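What follows is each chain in one-letter form.
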Amino acid sequence: MFTDSFKYYKSKCPPPSFESVVNFSENDDNLFTRRTTIKAGEEFKHLGLTDPTHWHIYQFSSGLIFIKNPFTPHGQRYWIARCLRDYPKSPHANNLRSKSISPAAIDDWWTEMVSSRTKSDKESLRSALRWCTLGYHHQWDTKVYSDEMKHPFPVDLGTLSAYIARTLDFGEYSAEAAIVNFYPIGTTLAGHTDHSERNLDAPLFSFSFGQSAIFLIGGTTKDIKPTAMFLHSGDIVIMSKESRLCYHAVPRVFKSDDSVWNNTIEIGDDDDRNEMPKKRKIENEAGYMVKDLWNDVDDRFYWEPFNEYVENCRINVNVRQVLRKGEHSL
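Parameters at a glance
- Residues numbered from 1 in each chain as written.
- Predicted model: local features only at pLDDT ≥ 70, side-chain atom pairs only at ≥ 80, totals over all residues.
- Heavy atoms only, no water.
- Pairing = 2+ DSSP bridges.
- Helix = DSSP H or I, 4+ residues; strand = E, 2+ residues; numbered from the N terminus.
- Axes fitted to C-alpha atoms, helices over the stretch in contact; angles between N-to-C directions.
- Contact = heavy atoms within 4.5 Å.
- Phe/Tyr/Trp six-rings, centres within 6.5 Å; stacked < 30°, edge-to-face > 60°.
- Buried < 20%, exposed > 50% of the residue type's maximum accessible area, 1.4 Å probe, protein only.
- Lys NZ or Arg CZ within 6 Å of the ring centre and 35° of its normal.
- 1 Å grid on protein atoms, 1.4 Å probe; cavity = no way out; pocket = protein on both sides within 12 Å on 5 of 7 lines; lining within 4 Å.
- Points joined across faces, edges and corners; volume = space filled by probe spheres on them.
- Nonpolar A, V, L, I, M, F, W, Y, C, P; charged D, E, K, R; others polar.
- Arc of directions from axis to C-beta.
- Polar contact = N/O pair within 3.5 Å; in protein donor to acceptor, adjacent residues only side chain to side chain.

*Asks:* Sorry if this is basic, but what is going on with the sheet that holds strand β10 (residues 227-231) here?
*Replies:* The pairing of strands in a sheet happens through backbone hydrogen bonds and is either parallel or antiparallel. Read from one edge to the other, the open sheet built from four strands follows the order β7-β12-β9-β10, with strand pairing classed as antiparallel. Here the strands that pair on one side only, and so sit at the sheet edges, are β7 (189-192) and β10. Each strand of the sheet is rotated relative to its neighbour by a mean of 20°, with strand direction disregarded. For strand β9 (residues 212-217) and strand β12 (residues 248-254), the ladder comprises five bridges, and the chain directions are antiparallel. When the bridges of β12 are listed, isoleucine 217 appears paired with histidine 248. Packed on one face of the sheet, helix α1 (residues 2-10) meets β7, β9, β10 and β12 and runs near 5° to β12.

Put into structure tokens, the structure is as follows:
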């Protein structure tokens, strides 16, 4: 039944109906219950989040939790740019080594892509990147982590994940591995479970940015019919308890109705490019954030290449805790 649902929502001819897809901005469905946060610290201001007391949180009986876009537009731009400019860089791993890509692009894909001399070269590099891994690098063939295949985890992303974990009363959380997936419109992710981590009790955090998707969450076998839900830019899915071992997939990535990440800046062809706009500086004194990037993404000319990318793609960041509490290595 999971495979049938995947094929149905993937179909282009005929296109599927979205009547049964859970839309948290409209539905008050008996599939889930509403949930509140606990008292949270002030770090949300530095992480690009809104006040957690205003978050819209929904929980399924399986343990899956959905947070309806808790990011500010500025916060979304920061995390989108971080995923594109920095996370694919060496020493983080990416899929480009398996393609006929120059060493310079493998080491710094974003710089090589935006500086490409021809449109075809840019398009080729843009579509080539499909994933990168952070911290403990996911081994796609063995599904096993190794201490020999590990680099320092980004402090900002680790802080974001730990803050959300505390806010939802999961306790202390250590982000140790992540997969960043890059989905052009029209691509899919087949049904699978996430069971490589040594610590399966810790939640898995999934952040969505850019274009929208249909997300399927089923049961521990493919015989169970999955629930379909919309994922829009800024939405967070947290897989905990039984949902950690449930089959899930993305059968459809499609154009969003709204570029919510641009809500406070203007992007367009009619701008007067002879005068640079005065950049609005948003102070961020948190040492774990990349301060130049935090300010630069509010400059419409700096932001434009990122906007061009994300107008046609979805970015998904999956963060996991690999080790059990008190462990320092595998």
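*Asks:* What am I meant to see in the packing of aromatic side chains here?
*Replies:* For any two aromatic rings, the description comes down to two numbers: the centre-to-centre distance and the angle of the planes. Evaluated as defined, the whole model comprises 25 aromatic pairs. Consider the rings of phenylalanine 205 and phenylalanine 207, whose centres lie 6.5 Å apart with planes at 10°: the pair is stacked. Look at phenylalanine 205 and you get buried, because its relative accessible area is 0%. One aromatic cluster is present, formed by Trp109, Trp110, Phe182, Tyr302, Trp303, Phe306 and Tyr309 through successive ring pairs. In this structure, arginine 35 is placed above the aromatic ring of phenylalanine 170, and the distance from its NZ or CZ to the ring centre is 5.9 Å.

*Asks:* When you look at the layout of surface pockets in this model, what are you seeing that I'm missing?
*Replies:* Picture a little ball the size of a water molecule; that probe, rolled over the atoms, points out where space is still empty. Empty space within the largest pocket amounts to approximately 360 Å³. As for the largest pocket, its lining consists of 25 residues, of which Leu189, His192, Asp194, His248 and Arg320 are closest to the centre. Elements with a minimum of two residues in the lining of the largest pocket: β6 (177-184), β7, β8 (204-210), β11 (236-239), β12 and β13 (313-320). Per element, the largest residue contribution to the lining of the largest pocket is four residues, and it comes from β13. Of the residues assigned to the lining of the largest pocket, the class counts are 11 nonpolar, 10 polar and four charged. Taken as a whole, the second largest pocket spans an internal volume of roughly 250 Å³.

*Asks:* Explain the sheet that holds strand β2 (residues 56-60) here, please?
*Replies:* The nine strands lie next to each other as β1-β2-β3-β11-β8-β13-β6-β5-β4, forming an open sheet whose pairing is antiparallel. Two strands close off the open sheet at either side, each with one partner strand: β1 (32-35) and β4 (93-94). Two elements, β2 and strand β3 (residues 65-68), share four bridges in a ladder whose sense is antiparallel. Bridging across to β3, histidine 56 finds its partner in lysine 68.

*Asks:* What exactly am I supposed to notice about helix α5 (residues 119-128) here?
*Replies:* Residue pairs three or four apart in sequence face the same way in an α-helix, which turns once every 3.6 residues. Those residues of α5 that fall on the buried side of the exposure criterion are Leu125, Arg126 and Ala128. Within α5, the buried residues cover an arc of 165° as seen down the axis, which keeps them to one side. Opposite its buried face, α5 presents the exposed residues Lys119 and Ser120, each directed more than 90 degrees away. Considering only its buried residues, α5 is in contact with α3 (103-107), α4 (109-114) and α8 (300-310).

*Asks:* Any chance you could explain the side chain of aspartate 86 here in plain terms?
*Replies:* Relative to the helices and strands, aspartate 86 is located in helix α2 (residues 73-86). Judged by its relative accessible area of 10%, aspartate 86 falls in the buried class. Here the side chain of aspartate 86 touches arginine 82 through a polar contact of 2.9 Å, side chain to side chain. Reaching out from aspartate 86, the side chain makes a polar contact with the side chain of arginine 85 at a distance of 2.8 Å.

Treat this as a map of the structure, not an account of what it does.
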